[in-house]
Amino acid sequence: MTRATRTINGLRRHWMFGALLVLAAGLRGVVLAAYHPALIFPDSVRYLQYAHNFAEGHWSVDALRQSGYSVLLVPVLLLHELWIIPLAQHLAGLATAVLVYAVLIRFRTRMWLAAVATIPVLFDPLQLVLEQYVLADTWTVFLLMAALTVLVWRRDVLGWRRVAGCGLLLGLAVTFRDEELIMIVPAAGYLVVAVRPRRRLLARLGALAGCFLIPVAGYLGWFDASHGQLNFTTFSGAFLYGRVADFASCSGLNLPGYEKPLCPTQPAALRNADFYTWDPSSPQWTFTPPAGRSRDAVVRDFSLRILRHQPLAYAEAAGRDFMYGFSAVRGAGPEKYSPAYLQFHTYIRPDRQAYASIGALGYAAPAVRPGPAAFLTDYGRWCYLPGPVFAAGLVLALAALVIGRLRGRPKATRDACLLFTASAVLVLVPPAAFATFDWRYQLPQLTLIPVAAILGVNVISRRLPPSSQSDPGDSGAKPQRKR
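Cut-offs used in this document
Residues numbered from 1 in each chain as written. Predicted model: local features only at pLDDT ≥ 70, side-chain atom pairs only at ≥ 80, totals over all residues. Heavy atoms only, no water. Helix = DSSP H or I, 4+ residues; strand = E, 2+ residues; numbered from the N terminus. Rg over C-alpha atoms; globule rule 2.2 N^0.38 Å. Buried < 20%, exposed > 50% of the residue type's maximum accessible area, 1.4 Å probe, protein only. Contact = heavy atoms within 4.5 Å. Areas by Shrake-Rupley, 256 points an atom, 1.4 Å probe, with all protein chains shown as cover. Arc of directions from axis to C-beta. Disulfide = S-S within 2.5 Å. 1 Å grid on protein atoms, 1.4 Å probe; cavity = no way out; pocket = protein on both sides within 12 Å on 5 of 7 lines; lining within 4 Å. Points joined across faces, edges and corners; volume = space filled by probe spheres on them. Nonpolar A, V, L, I, M, F, W, Y, C, P; charged D, E, K, R; others polar.

Attention shifts here to the overall build of the protein chain. Helix and strand content of the protein chain: 23 helices and two strands. For 483 residues, the compact-globule estimate of 2.2 N^0.38 gives 23 Å, and the C-alpha radius of gyration of the protein chain, at 24 Å, lies within 12% of that figure. A principal-axis box enclosing the C-alpha atoms of the protein chain has dimensions of 80 × 55 × 45 Å. The 483 residues of the protein chain split such that 51% are buried. Sequence-distant contacts, at least 24 apart, represent 78% of the contacts inside the protein chain between residues at least 6 apart. Carbon and sulfur atoms provide 64% of the accessible area of the protein chain, an area that totals close to 21200 Å².

Rendered as structure tokens:
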């Protein structure tokens, strides 16, 4: 059979996913036409400024946001064409859908069901609008999905190269968003349950951790050379203060005198977390730190005192944010942070300061084309899966793990289901614990939860992976030749 024949046969077999992919590509073309050259958020300015600095040979890392994304942007800025950024990100979104489909087909999922699992990442307006922004979220999710795909691709031979590749991709994701540090946990857990024989486990864990640390340690060293401390940001205290300000009460708390101005004076119901994090009149920006202490260190110290003083209030706030990500309507969230910038409109909300900053770099402010924008506005209002659907997917995946364990379902599929289920849950924990609610942070659920849910369906229906009908679970053994 010639290569052309195989290609034609493959297209025929996977016609449903191919059709969805073509439709999704066309929809992304509408987004590119509607908002040109790219959508800009305040964070976008810093990414572009540091990419510009790097392109000019100034390699001091950003103190506020991780600079891995800025490094990725350098070749684009050398071409000086801003529209290439959203174009590349739309392609990354399509590639993420391909990974979702490929993993599910690898585990013998029915083709129509695997195609259905790609619908959120292909068509959800949250995914589409974030691909059009100069923001790191799209690439971060792609790296996470690529890492997990590499890890589960061949369950029968879980060799060190694939484990190392997974660790390296997860480490790169951390240089885009430091919250992704937590993703090493489900990857390591997968190795613990999947690697056989056990004597290979330590070597595999070492390969995963070692390759994960290469980009992470390299970034920390870069940050230390730039700012004199091993960290990912000098604003960790500022972010945590915004998290605790919603519920902080200094009543009964013994505070140093210089920290007392940090106590919020408004009633808790009237507080706005975004104000306490960023507004110049927020207490954390108006108080005077003592000599020899940095502002961020003092604010972090105060925030940790609040966490120790009010652990239940903190747990309630974090849990409320976590659960809100599964609400039926994509509203403003518990902290009332407007999601308007993540919705399609027939206009672009002006940000004169941001546009002046990118103008200084030689880039035009975004412009809107009313026709395509009107279509997308109507599309975004109705065409998305509500949160309870994703919550049901997680429940299905968790139930499948229990059923699979009790009824002796194929181990390879159970292990993969566990990996994606744990990843889907854990990736949402750091934003809920350390940041105010923003729908940007929910983007991974569009990719990870459908995979976990469909793998759960496979576990319940006893769909076997392609590697073995008997599923011996010997991930470290070499495949035997047939005699």
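The next subject is helix α18 (residues 352-360). For α18, the set of buried residues is Ala354, Tyr355 and Ile358. Seen along its axis, α18 keeps its buried residues to an arc of 95°; they face one direction. When the buried face of α18 is taken as reference, the exposed residues oriented beyond 90 degrees from it are Arg352, Gln353, Ala356 and Ala360. Gly362 lies just past α18 and shows a positive phi near 95°.

Summed over the entire model, instances satisfying the criterion amount to one disulfide. The disulfide partner of Cys250 is Cys263, and the gap between their sulfur atoms is 2.0 Å. For the disulfide bridge between Cys250 and Cys263, the dihedral angle about the S-S bond is near -105°, and by the sign convention the bridge is left-handed. Of this pair, Cys250 sits in the loop between α13 (236-244) and α14 (273-278) while Cys263 sits in the loop between α13 and α14, and the two are 13 residues apart along the sequence.

Residue Pro37 is bonded to the preceding His36 through a cis peptide linkage, with omega at 0°. Inspection of the secondary structure puts Pro37 in the loop between β1 (35-36) and α3 (42-55). Here the residue pair Arg196 and Pro197 is connected by a cis peptide bond, since its omega of -5° sits within 30 degrees of zero. Secondary-structure assignment places Pro197 in the loop between α11 (184-194) and α12 (201-227). Positive phi is not limited to glycine here, since His80 has a value of about 60°.

To continue, consider empty space enclosed by the protein. By the definition in use, this model includes two cavities of 30 Å³ or more. What the largest cavity holds in volume is close to 100 Å³. Residue lining of the largest cavity: Asp137, Thr140, Val141, Arg177, Glu179, Glu180, Val427, Pro431, Arg440, Tyr441, Leu443 and Pro444, and that is the complete set. If you tally residues by element for the lining of the largest cavity, the top one is helix α9 (residues 137-152), at three residues. For the lining of the largest cavity, the per-class residue count stands at six nonpolar, one polar and five charged. Here the second largest cavity defines a volume of roughly 60 Å³. Listed by contribution, the elements that provide at least two residues to the lining of the second largest cavity are α17 (311-324) and α22 (429-434).

So, on to the environment of Arg177. The topology assignment puts Arg177 in the loop between α10 (160-174) and α11. Considering only alpha carbons, one finds Arg177 and Ala365, 188 residues apart in sequence, at a separation of 26 Å. Among all residues touching Arg177, those that are not within four sequence positions of it are Gln66, Asp137, Thr140, Arg440 and Tyr441.

Nothing here speaks to function; it is geometry throughout.
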